Structures are given as structure tokens and as C-alpha cells.
Amino acid sequence: MSRDHDLSLKLRFRRVLFQMGYYSPINVQLSEYIGPQTKRESLTDLDVLGLKFDPVLSPHRVVCDCKSGSVSDPNRLFWLRGVSDYFGANVAYFLRPKIGGHARAIAPKLGVRTVDDKDLLRIEKELRVDSLPLPIHDVNLHERKQYLWNIDVPPGAKPTARQLELKKVYTYLSYEYWYIDQHRNLLRLVAHFQEIAHLLSPMDERDVLLAYAGLERFAHCLLETGNVVYAFGVSDISRNMRLYLYGGPLALREREEFFELLNKLAGANIPLDPPCLGDILELANRIIHNPYEAAEILRYLEATYGWCVQLGNRDLSPVFGGSLLMGAIVLARDVAITFARVTGMREEMFSHLLSL
Amino acid sequence: MDELSIGLRAQDFHEGLRETKAFGPKEAYFEKTLRIGKAAVLAMHLRGLLYVDDYTALTFAAAQLGIGGSELPVILRELEEVDFVRVKRPKGEIERVDIRVPEFRTGYEELGTRLKALKPSEIEQAGMQVLQDLIQVPQREADLIQSLGLGSAEYSILRDIMRDGQLLQVETISGEKTAFTPLVVDNDPLTYLRWCDRFPLEVATSLKVLTKNQGLPMSDPQVSSNLALNDAIQTGVLMPVEVDGATGIRRFLFAPRGGLTCEERVVLDKARAILACVRYGERFAAGRQIFYPRRILERLRDFKKFKHGHPDLLTQYSLLTLKGIGRPMDEGGGQWNFEILDTEDNMKALGIAIDMLEIGEIPTAKIDLGAQKALLGPGGYMGPLPTRTRLAGSITGSPQTRAEIIKQLSAIGRGMKT
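None of the values given here were measured: they were computed from a predicted structure.

J.: Teacher, can you tell me more about the interface of chain B and chain A here?
T.: It is common to report an interface's size as the accessible area lost on association of the parts. The partner chain A presents 26 residues to the 19 residues of chain B that form the contact. In total, chain B and chain A occlude about 2,000 Å² of area from one another, counting both sides; carbon and sulfur atoms represent 50% of this. A per-residue breakdown of the area chain B buries against chain A is headed by B:Leu50, B:Arg100 and B:Phe104, which together make up 34% of the total. Across the chain B-chain A interface, the total number found is five salt bridges. The interface formed by chain B and chain A includes nine residue pairs in polar contact (both at pLDDT 80 or more).

J.: Got a minute to help me understand the sheet that holds strand E5 (residues 169-173) of chain B in this structure?
T.: Paired through their backbone hydrogen bonds, the strands of a sheet run either parallel or antiparallel. Residue and element names in this part refer to chain B. Across the sheet, which stays open at both edges, the three strands sit in the order E4-E6-E5 with antiparallel pairing between neighbours. Unpaired on one side and paired on the other, strand E4 (139-140) and E5 mark the two borders of the sheet. Relative to strand E6 (residues 176-180), E4 is paired through two bridges, and the arrangement is antiparallel. When the bridges of E6 are listed, Gln139 appears paired with Ala179.

J.: What should I look at first to understand the environment of A:Leu250 in this one?
T.: Residues and elements named next belong to chain A. Checked against the element boundaries, Leu250 lands in helix H10 (residues 249-266). Since its relative accessible area comes to 64%, Leu250 is described here as exposed. Each C-alpha atom, one on Leu250 and one on Ala197, is 33 Å from the other, the two residues being 53 residues apart in sequence.

J.: Help me understand a nonpolar patch on the surface in this model?
T.: Judged by side-chain polarity, A:Phe258, A:Leu262 and A:Ile270 come together as a nonpolar surface patch covering roughly 260 Å² of accessible area. Here A:Phe258 lies in helix H10.

J.: Would you explain empty space enclosed by the protein in this entry?
T.: One way to see where empty space is left: roll a probe the size of a water molecule over the atoms. All names here are of chain A. Applying the stated criterion to the full structure yields five cavities of 30 Å³ or more. Considered as a void within the structure, the largest cavity measures approximately 140 Å³ in volume. Along the wall of the largest cavity there are 13 residues; nearest its centre are Arg14, Ile136, Lys145, Gly306 and Gln310. Breaking the lining of the largest cavity down by element, the ones donating at least two residues are helix H5 (139-148) and helix H13 (297-310). Examining the composition of the lining of the largest cavity, we find that four residues originate from one element, H13, more than from any other. In terms of residue class, the lining of the largest cavity is made up of five nonpolar, three polar and five charged. Looking at the second largest cavity, its volume works out to about 50 Å³. For the second largest cavity, the full set of lining residues is Gly21, Tyr22, Tyr23, Leu51, Lys52, Phe53, Ala295, Glu296, Leu298 and Arg299. Breaking the lining of the second largest cavity down by element, the ones donating at least two residues are strand E2 (40-53) and H13. Of the residues forming the lining of the second largest cavity, the biggest block, three residues, is contributed by E2.

J.: I keep staring at the sheet that holds strand E7 (residues 216-217) of chain B and nothing clicks. Help me out?
T.: Residues and elements named next belong to chain B. What the three strands build is an open sheet, ordered E7-E9-E8; its pairing is antiparallel. On the outer flanks of this sheet lie E7 and strand E8 (241-245), each paired with one strand and no other. Alignment of E8 against strand E9 (residues 248-253), held across five bridges, turns out to be antiparallel. Looking across to E9, one finds that Asp244 is bridged to Ile249. Contacts between helix H14 (residues 262-283) and the sheet are confined to E7, E8 and E9, with E8 contributing the most and set at about 45 degrees to the helix.

J.: Quick question: what am I supposed to make of the pairing of E9(B) here?
T.: All names here are of chain B. In this sheet, E9 lies alongside E7 in antiparallel orientation, the contact comprising two bridges. When the bridges of E9 are listed, Pro217 appears paired with Phe252. The hairpin turn running from E8 into E9, its antiparallel successor, is two residues long.

Definitions and cut-offs
- Counting from 1, residues in each chain are numbered in the order their sequence is written.
- Chains and ligands are labelled sequentially in the order written, the chains with letters from A and the ligands with numbers from 1.
- At least 70 in pLDDT is required for a residue's local features to be given in this predicted model, at least 80 for side-chain atom pairs to be given and counted, and no such filter applies to totals for whole chains, interfaces and linings, which use all residues.
- Calculation of side-chain values draws on the structure's entire complement of heavy atoms; hydrogens and water are dropped beforehand.
- We call two residues in contact whenever any of their non-hydrogen atoms come within 4.5 Å of each other.
- Computed with a 1.4 Å rolling probe, the buried area is the accessible surface lost when two parts are put together, summed over both parts.
- When a carboxyl oxygen of Asp or Glu lies within 4 Å of a side-chain nitrogen of Lys or Arg, that pair is called a salt bridge.
- Under the rule applied, a polar contact is a pair of N or O atoms within 3.5 Å (in protein, one hydrogen donor and one hydrogen acceptor; residues adjacent in sequence only if both atoms are side-chain atoms).
- A strand pair is defined by DSSP finding two or more bridges across the two strands.
- Strands are runs of DSSP state E lasting at least two residues, helices are runs of H or I lasting at least four, and both sets are numbered from the N terminus onward.
- Residue burial is assigned from relative accessible area. The probe radius is 1.4 Å, only protein chains are included, and a residue is buried under 20% of its type maximum, exposed over 50%, and partly exposed in between.
- Patch membership requires more than 30% relative accessible area and the absence of a salt bridge. Residues of like charge join within 9 Å; the nonpolar side chains Val, Leu, Ile, Met, Phe, Trp and Tyr join within 5 Å.
- Each accessible area is a Shrake-Rupley result for a 1.4 Å probe, and residues are judged covered by the shown protein chains and nothing else.
- In the cavity and pocket records, a cavity denotes points on a 1 Å grid over the protein atoms alone where a 1.4 Å probe fits but cannot get out, a pocket denotes an open set with protein on both sides within 12 Å along at least 5 of 7 lines, and lining residues are residues with an atom within 4 Å of a point.
- Grid points are joined across faces, edges and corners, and a volume is the space filled by probe spheres set on the points.
- Polar here means any residue other than Ala, Val, Leu, Ile, Met, Phe, Trp, Tyr, Cys and Pro, which are nonpolar, and Asp, Glu, Lys and Arg, which are charged; Gly is therefore polar.
- The convention used is that axes are lines fitted to C-alpha atoms, helices contributing only their stretch in contact, and that angles between N-to-C directions extend from 0 to 180 degrees.

What follows is the structure, given as C-alpha cells:
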């Protein structure tokens, strides 16, 4: 595997974002399958994506391009503008050890913030990133996580049937999740994990990481759903959630009609809603009614994996300055319990989180 | 009996018997039913909370609901079994209770399933079946005894317990001893029984129609063509709620509900008035028709008024103005909005109205505001709870029941029973 020369820069900015209240996956890839599913076409990749939800569940997104090698700064800025629009980001950052005058001049017109080494040091100091005990910027810790990400096939060997099943989920999480329409992700994510739930073991570090990655995405889907339900109105959460998940009123009606016809044709009585939807609606309802706590779920999940699962700590409070937002812990546990239940996964996959 | 009914009846047993003192047969034969009934009533009060980390406050709230401090861990374990709570006990002591009580379904099915899994005693099963049957229609006591297939000692225990819990009453009608449950009697029990006597075949289906369609207009064919219901209205068994709105006076019927205290009765009357006004908008609006009554009720509960006013609202909700539940708001240009007063009783009434709309039965009529305060208050117990005084009543064992108690005690004393 080739060394990522910008990794340190990405991780430093990730730590900055964590201190600013963001959950921030790095190396977010966009790709799609063209035609029959034989070849994946890579579209582009983003160095750091920051996601944060405010106490009324409105999303705030940050995109960041980190480059230390030789590239054309203006070209990157124009590209970053496009990526920023794609993700609906509120702010785009361009990180370089040194930034030329041309780039600095054009950046404000493109709505991009430029950050060089000096700027980054100043931001880190102001946000007191050194006080964060979670070594989110530690390259070794990150590489350990990267080592566990994906199936482990020795050179020359063929992947087993189990590994091939798992690979589909890695592919979905790594490449497709950020590309497909967000409203489709929730049920699709659940379906993917239903397929592999029986293969996952809480004793296998790879499986645990995969389960936590799924859990973070599940929480993200629920928060995005909460945002849309807030926009529709919280007076009928159940109906508005279904409207969102099925792609809007027209698409919902089409699906209902499709199922009516299907049932007529097959002489069956298959409901449109999957059996897991009831549990998901209940959880989303709790999230929507506790938005202040819900807004912190993603960061708490990120911290739980890094601080408790990877580093073996049992008390999460040092990561958050000694005081935890108990509602966020309760909701994060709730998300894990529901994710396990709707996918058929064992709750022990999240034993660290459930012990909090 | 289906699981939903089992869950509901278990709660009825707890509600009925919570004010009675410990009594051997009650504790021995109804232990599982009461345990699930207590779990149901606690779950109902925990619904909507995210977690409780003040165990003292939880203990106060539970006590208010008739759940003793030593029973609370057992009841919480039952709620864990149905995954309505997750209890954190790091060193064996309860530190935090995370709440997962469902809101889009009643949760009684899960509790009913749990009670079935606990394998309730023969008397418990019979008790729930009797209550379920009597909710639908009164029965001659002789028929009831025969259908249960219990021995006379077991039946007398059952009857004594249910009678003192105000779940079962026996009156003589047309020379026959007739058993009924006060839970379905709004007004005078004798009037109700005479009505049942006149329409023995129609009562069950008529009450089912009302339970399934709470707030049914009297002009609806299900009422106008139903002789039994018309008779019940004329004789005062059913008391319609009248709304004088934009298209004239309309009357709405509700399934009778008894076994309530005076305070609970007041709240139920408010709930019926609210639902009647919403039904008016659904069936008889002059202008804007209501298509989603639940959303209207939730809107009032969550925001206390409507998003937009319209001319009909002034008269459609005039009954609520008369009852002091809310007030009309002039928005100018002939547009009226309606504001519901944000009081505990009114909010509780809205919750009951939603239950009536969704499940027909109204277990939330028993929501205890004192217990809710104990859970929501930042410091747990804040002084005497503002609820009615309750005095524990004793269950009066009949001679047969007392004989059975002595028999059981003798067997234990002789070492014939462990």
C-alpha cells in the first residue's frame, strides 16, 4: 500500500474539526458502478469531510482538501468548489504548507478558506487541541485502524465465500455510501448488514471495526432523516419519516401502488414497510425529541471506538473534558441496540459502548 | 385472548387492586398478572423520557403508581425482558435506567406476550378472561361459573379479589344474578344492566362499534340503524357529547368507561369533548375538513394552537371554550384560531383523546400526574405530591375464601405443601 503523504495533515485537521464539534471521516471516496456491476468507476475523493448537527438537527458540513506535494493551487480550489457544492458544505478548507498569492486572491471568490502551516498552528492553539487526550491525529493509531479495514486475503490466496460477502459491505461503506441519494442509505445500510450479521464475531477486531463503521453511518442516516422530518414538521413524525425514506410523496405513492399490484398479482399480503421499520421509527422519534443530545451522537461514537475500543479505556469522560452529556451516551447506546436488533447482529459487537 | 387484551387486562388488575392491602390469595394467585400490570403502568409513565438517573425519584414515582420500593427492581427486570428499558447496574446497584418504551405502538402486545410466557396460574387466566368477557357484555353469574370450569373455592377467591378491586360486580336483574364489570359503566350500573338485559345479543357488538370508533356521530348509519344504541342513548346508558358548530348541532358517542376517580372522570370528559370537536371537523366541517384527526390532536398537544386559523374554528371548538379547556383567538378577516390552555389536565386529556382515536381503549386515563412530576422534577422528591389521598382497602374474604386460606395454611403447617 502506498504511503499517504498528506495523512498527517488530514489527521491534524480532523482533530481540529473534532474540537469544533464535528465527526469527520477522512479519505471519502465517490464512485459508482457503470452498467452491469463488474467495474467500479472512481469519480473523486475528498480528504476530510466534517459533519455536525446543531440542536435542531440542521446539518453543517465541511470539506477539506489537504495537499503537501506539488499541485496547481488554483486548479485545486476550483475542484474544491465543485466538491463543496456536491456535499452541500457550508465551508470548504484548502490546506497547504505554503499557499501562493494567486490562490489566496481567488479563494474568497470561490468561498474557500485557505490554511497554511502557520494558520493551522494558530487554529490548533486557539482550539487547545493538545488538551484532547484522544490521539485522533496519531498516524500509527490511524494506520492500525486502516490495517483492520477490509478483508485480509494473503498474497496469492483467493478470498473465501465469507470474505466475498463482507467485501460487498466494505465496498458499500467505502465507495457507494457518499454517492447514492442520502434517503436511500438507511434501509440499504440495514439490508447490507442483515446479509452479513451472522458472519460477524465480537472477538474479531476487523468485524468490530466494520460494525462500528456501520453504526456510525446508521446514526448519520438517522440524523439526516431527523433534519428532513424537522423540515416537514414534527407533528406527524411517523408519516414524514416514511415520506423521506421512500423519496417523497410521489415516490411513496408509486411504491404503495407497486405493492398493491404485486399483492394482487401474487395473491399475497406483503407490506411495503420492512419489518425493521417499526424499530427504526421509534428510535428516530427518540432522536427527534432529544435533538440537543442527538446532535452529539456521531462524535461520541467516534470517540468510543478510538478511546475505548482501540485504546482499551473504560471511561469516556476525559475525551470530553471530564463531563459527559449523558443523553448523548444513552442515545448512542440506543442506536447501537437498535442497529443490532434490525440487522440481526449480536449486541456484543458493541460491548464497549454498551458498558458506558 | 390476544396479547394486546392480556396486557390491557393485566393493567386493569393492577389498577383495581393497587389500593387494596396485601391479601394472601391476591399475592399468591395474581402475582404474575399484577407484576405485568405494574410493568405496564410504569412503562406508560416512562414513555417519552430518555433516561432516569435519579433512582430515588424513580422510586417515588413508582410508589405513587402502587409499586413498592422492593418490587421496583423486579418490575424493571420485566421491562428489560420486553426491551422497554435498559438498566445499568455497574456494581449491582441501579445507576441509570435508559428508556426505550415505544411511542408508535401501545406496547401492550409485548407485555401480554411476556405474561403468557410467565405461565400465569389457572385463576389468573380465568380472571383475565372474565374481565375481558364482561367488558364486552354482562353474563349470568351461573353461566360465568360454568364457562370458567373453576372449583367453587377458586371461583370465590376470584370473585372476592375482582369485586374488591372494583373489576367485577354482581346485581340481580329480572331475578337472575348478573355479573358485570364497572369498568364499562359510565353512569348508573342498574340502567346499564337493564339495557344489557333488553339487548343481550346486541350489546357486545354495539360496544365494539363505539370502542373502534370513539366519537362516532349519532347520524352515522352504524348508530342510527342500531336499535340497541338508540335505546342506550334514550335511557341514559350512553351520554352523547354535543357540539354546536358551523353546520349545526351534532352529537357524538363514546364507549362507556368506568372505574375512574372523580379527578380522572373530569379529565376523561375533557378528552371526549376535545375528540368530539375534532370529529366535527372531520365529518361536518363547513369549510376545511379534517383528514388526519391524530395530527390535529398532536398539533394541539405540541404547539397548543393551530398553524393557521379559519372561520370554522370559532364554533367548532366552542364546547372547549365553554368547558374552560381553551379559548378562541381572533386573527382578523374572519379567521379564528383556537388555543388550548397548557394545563396538566388538558395535556393529559389530549393524550387520552389520541389513545381513544388510535386504540379505542384508554389505559392512559390512569396516568398519574404526581408520578410524572416525580420523574420529571430535577431533584426527585420535592415534597408531598399533589394527588389525592389514598387509603388502602382490605379485601373481604368470603367464607369460602377464608376456608381455602385455612386449608392452604394447614397443608403448609403439616408439611404437605412447600
